[in-house]
Amino acid sequence: MNYEALQAAWASSGNNPSAAASAYVMAEAQAELSQRSSHLRRMLVFAGVMLTIPLGLMLVDMLTGQVDAIDLHREWGLIPFALIPFMALFVIARRAAPKAPPSGTLLQTFRALKADNAAARLRIFIIGGSMIVFAPLLFVLLNQIVATGKMAPHEMQSAAIVLGGALALSAGWMIVKYITQLAPERRHLDALIAQYEAG
């Protein structure tokens, strides 16, 4: 949604838009919230599947003897390494998922958009926090794998560069999204709600 144009139109109408204009804004907001909710559900399912597949394949390889068994005394880093992404997905699904689109007043619609924005910002903090824990754990795990002889030192360097680069790119993308999209959207919504309550 174009929040700057919406805010300007709201102010030009004396904070009292017509019923048709209000209905249009509510319909646009509900469509936006429904689209965001559907997109998040698809992303959560996709992430869950992509995390489960390699773990399942590794388990099959272990059971069929195609790879060496994991020594959890020496490779304990695998446990949090595997659990942290699933925990992040679970917390996002429970605490940072958008609510159902509103069907009430225009003020409730604005507040629903603000709640959706807050949920999106919370998701970034959850993922960012997971990455902060994940990064040093990745270094520990790679060293453990090298120590068990399952990876050569030069392979560890390559893996660290690739995985570390992926984490850095993901963190950069989240920072850019927060600064350029979520923070401005929050300011516009705060202004709209303030204008509505003042009118």
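This one's a predicted model, so the numbers in the text were calculated from it and none came from an experiment. (Residues numbered from 1 in each chain as written. Predicted model: local features only at pLDDT ≥ 70, side-chain atom pairs only at ≥ 80, totals over all residues. Heavy atoms only, no water.)

Caption draft 1: Broad picture of the packing of aromatic side chains. Overall, the coordinates contain two aromatic pairs when judged by the stated rule. A ring pair is formed by Phe125 and Tyr178, whose centres lie 5.9 Å apart and whose planes are at 75 degrees; its orientation type is edge-to-face. Within this pair, whereas Phe125 is found in helix H4 (residues 106–147), its partner Tyr178 is found in helix H5 (residues 153–198), the two being separated by 53 residues in sequence. (Phe/Tyr/Trp six-rings, centres within 6.5 Å; stacked < 30°, edge-to-face > 60°. Helix = DSSP H or I, 4+ residues; strand = E, 2+ residues; numbered from the N terminus.)

Caption draft 2: Local environment of the nonpolar core. With 17 residues, the main nonpolar core has Leu142, Met151 and Leu167 as its most contacted residues. Contributing elements (two or more residues each) for this core: helix H3 (78–95), H4 and H5. The element best represented in this core is H4, accounting for nine residues. Sequence-distant contacts of Leu142, that is, excluding residues within four places in its chain, are made with Met151, Met156, Ala159 and Ala160. Core analysis: the next-biggest nonpolar cluster, separate from the first, contains 12 residues, Ala29, Leu107, Ala112 and Leu113 among them. (Core = buried A, V, L, I, M, F, W, Y, C linked by side-chain atoms within 4.5 Å. Buried < 20%, exposed > 50% of the residue type's maximum accessible area, 1.4 Å probe, protein only. Contact = heavy atoms within 4.5 Å.)

Caption draft 3: Spatial organisation of the environment of Val25. If you trace the backbone, Val25 turns up in helix H2 (residues 19–63). For Val25 and Thr109, which are 84 residues apart along the polypeptide, the C-alpha to C-alpha distance reads 8.6 Å.

Caption draft 4: The arrangement of the packing of H3 against H4 in detail. Between H3 and H4, whose axes approach to 10 Å, the crossing angle comes to 180 degrees. Considering their axes alone, H3 and H4 lie roughly antiparallel with respect to each other. For the pair formed by H3 and H4, the contact residues are Leu78, Pro80, Phe81, Ile84, Pro85, Ala88, Val91, Ile92 and Arg95 on the first element and Leu122, Arg123, Ile126, Ile127, Ser130, Val133, Phe134, Leu137, Leu138 and Leu141 on the second. Residues belonging to the contact of H3 with H4 are distributed by class as follows: 16 nonpolar, one polar and two charged. (Axes fitted to C-alpha atoms, helices over the stretch in contact; angles between N-to-C directions. Parallel < 35°, antiparallel > 145°, perpendicular 65-115°, else oblique. Nonpolar A, V, L, I, M, F, W, Y, C, P; charged D, E, K, R; others polar.)

Caption draft 5: Examining the pattern of salt bridges more closely. Enumeration according to the criterion identifies six salt bridges in this entry. Between Arg36 and Glu32 there is a salt bridge, and its shortest N-O distance comes to 3.1 Å. Of this pair, Arg36 and Glu32 are both found in helix H2, four residues apart, which corresponds to roughly one turn of the helix. By the burial criterion, Arg36 is buried, and Glu32 matches it. We note a salt bridge from Glu75 to Lys150, for which the minimum N-O separation is 2.9 Å. Of this pair, Glu75 sits in the loop between H2 and H3 while Lys150 sits in the loop between H4 and H5; the two residues are 75 residues apart in sequence, bridging distant segments of the chain. Judged by its relative accessible area of 35%, Lys150 falls in the partly exposed class. (Salt bridge = Lys/Arg side-chain N within 4 Å of Asp/Glu carboxyl O.)

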